[in-house]
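Topology and contacts: notes
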Amino acid sequence: MNVNGKHFRAINWPGGVNGQLQWIDQTKLPHHFAIKESRDAEVVARAIECMEVRGAPAIGAMAAFGLALAFITDQNRFESYWLTRFSQTRPTAVNLFHACDTMRVCAEGGATEQMMLDMACHYADTEVKRCKVMGEHLAQVLAVGERRILTHCNAGWLATVDWGTALSGIYHLARAGESPSVLADETRPRLQGAKLTAWELSQENIPCSIQVDSAAAWMMAQGEVDVIVVGADRIAANGDVANKIGTYMLALAAREHGIPFYVAAPESSFDLYCISGKDIPIEIRDEDEVLRVQGMNNHGDLGKIDITAHGIVAHNPAFDVTPNHLITSIICETGLWKP
Ligand code: MRU
């Protein structure tokens, strides 16, 4: 999608086997638009861990490129070290594990360096195509009088290489001449809604207001929300959906107020080996994310400030599971499905 009118992908490999992987450093947005580049697999793994690249499909694509780089630069340790290194970067988004499997199978089939790079590019391009088609389906659903759209976290192009999951439908609506407007939950603790979703939408001139997460149910009660659309980090075989913490709370409130609750996710976010949401591993992140907040000061410097008194402790589950009965439909590249 566009940044100042120019098309970017969240992750990009512009060269051949001697080239560098490029990615947008999402920890600096919306204040600084910085593109990082490297051909060091360890740097790529750390970029996933520290969430320079985040969002389920983008994590998968980043791992695919990181493993291609590991194969090109350190082939002897590809099986013995790098596959495990990447699969341990984050636990919840199943796309990461699909990507690791894809690259492992490619390597086991006797791939050359060029073939491994081609496979990573193919993996990323496939995610982009899936998100585009999914957005077309979602736009058709949203076009039935549902214009005031509430979303949570960032399910846009930054999270998926290009287009997005939930936001892809909104981008398609806007490009079809419709007038969607978005209520974006700020999404504590890392504020992906306030920092990333609002920025993405502003770059596409789509009206967006952010709200504190705890305003969501009240806005539904006021009749200010027509529909809710979120992404997913892992969808179990029974249709239970793991997504950013706070999603479950939204689904409960949506049910109370009779508001449709859609999940948009590509096939790579499904995990048929998880029978239900109970089997999905939930990432517990550092308490520092809750106790401190990052922003830009008046001098233009990025930094963190303490919110709480010294010694206060916090619990920080990064995801929750929404049970299938609270979900109106799951939308993926093959269309609309009942959980
Ligand atoms: O911790 P994050 O920022 O990686 O979590 C991202 C989300 O929860 C998104 O909603 C999700 O990946 C689905 S959309 C691509």
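Residues numbered from 1 in each chain as written. Predicted model: local features only at pLDDT ≥ 70, side-chain atom pairs only at ≥ 80, totals over all residues. Heavy atoms only, no water.

Moving on: the state of the cysteines. Applying the stated criterion across every chain, the model contains 0 disulfides. Between C131, a free cysteine, and C332, which holds the nearest cysteine sulfur, the sulfur-to-sulfur gap is 11 Å. Unpaired in terms of disulfides, C274 finds its nearest cysteine sulfur in C100, a separation of 16 Å. (Disulfide = S-S within 2.5 Å.)

We now examine the nonpolar core. Grouped burial of nonpolar side chains is what soluble globular proteins tend to show. Residues I11, F86 and W157 are the most contacted members of the largest nonpolar core, which totals 77 residues. Looking at this core, the element that brings in the most residues is helix α2 (residues 56-73), giving 14 residues. Structurally, this core is a two-domain feature, drawing no fewer than three residues from each of domain 1 (2-129) and domain 2 (136-337). What W157 contacts, discounting residues up to four positions off in sequence, is M1, V3, F8, R9, A10, I24, D162, W163, G164, Y171, W199 and E200. Among the nonpolar cores identified, the runner-up in size contains 21 residues, and L183, A216, V241 and V263 belong to it. (Core = buried A, V, L, I, M, F, W, Y, C linked by side-chain atoms within 4.5 Å. Buried < 20%, exposed > 50% of the residue type's maximum accessible area, 1.4 Å probe, protein only. Helix = DSSP H or I, 4+ residues; strand = E, 2+ residues; numbered from the N terminus. Domains from an automatic or database assignment. Contact = heavy atoms within 4.5 Å.)

Along the chain, L29 connects to P30 via a cis peptide bond; the corresponding omega equals 5°. When you line up the elements, P30 lands in the loop between β4 (21-24) and β5 (35-38). The omega torsion of the bond from R188 to P189 falls at 5°, within 30 degrees of zero and hence cis. Structurally, P189 can be placed in the loop between β7 (181-185) and α7 (192-203). Even without being a glycine, V161 presents a positive backbone phi close to 85°. Overall, V161 belongs to the buried group, its relative accessible area being 0%. A positive phi angle, close to 60°, is found at N205, a residue other than glycine. Position of N205 among the secondary structure elements: in the loop between α7 and β8 (208-211).

If you check the shell around the ligand, you find 19 residues, and the closest are R90, Q192, D233, N243 and K244. A distance of 2.9 Å separates an oxygen atom of the ligand from a polar atom in the backbone of A56. N243 places a side-chain nitrogen or oxygen 2.8 Å from an oxygen atom of the ligand. A total of 410 Å² of accessible area belongs to the ligand in isolation, and the protein chains cover 100% of it. (Near = heavy atom within 4 Å. Polar contact = N/O pair within 3.5 Å; in protein donor to acceptor, adjacent residues only side chain to side chain. Areas by Shrake-Rupley, 256 points an atom, 1.4 Å probe, with all protein chains shown as cover.)

This part covers the pattern of salt bridges. Evaluation of the coordinates by the stated rule reveals 25 salt bridges. Here E52 ties to K36 by a salt bridge, and the two come within 2.8 Å at their closest N and O atoms. Of this pair, E52 sits in the loop between α1 (41-49) and α2 while K36 sits in strand β5, and the two are 16 residues apart along the sequence. Look at E52 and you get buried, because its relative accessible area is 10%. A salt bridge links R104 to E108, with the nearest nitrogen and oxygen atoms 3.1 Å apart. Residue R104 and its partner E108 are both found in helix α4 (residues 95-108); the two are separated by 4 residues, about one turn of the helix. (Salt bridge = Lys/Arg side-chain N within 4 Å of Asp/Glu carboxyl O.)

Bringing the side chain of H172 into the picture now. Its place among the elements puts H172 in helix α6 (residues 166-175). Polar side-chain contacts of H172 include one of 2.8 Å to the backbone oxygen of S168. Not counting residues up to four positions away in its chain, the partners in contact with H172 are K132, G135, E136, A139 and W163.

It is worth spelling out the domain arrangement of the protein chain at this point. According to the domain assignment, the protein chain consists of domain 1 (2-129) and domain 2 (136-337). For domain 1 and domain 2, the distance between their C-alpha centroids amounts to 23 Å. With 37 residues of domain 1 at the contact, the number on the domain 2 side is 37 residues. Carbon and sulfur atoms supply 56% of the area that domain 1 and domain 2 bury against each other, a total of about 3100 Å² over both sides. Taken as a group, N2, R54 and T92 account for 20% of the area that domain 1 buries against domain 2, more than any other trio of residues on that side. Ionic pairing is found between E283 and R90, a salt bridge with its closest N-O pair at 2.7 Å. Taken together, the connections running from domain 1 to domain 2 amount to 18 residue pairs in polar contact (both at pLDDT 80 or more). Elements that contribute at least two residues to the side of domain 1 that touches domain 2 include exactly β1 (2-3), α2, α4 and α5 (113-142). Among the elements that take part in the side of domain 1 that touches domain 2, α2 stands out by supplying 4 residues, more than any other. (Buried area = accessible area lost by both parts, 1.4 Å probe.)

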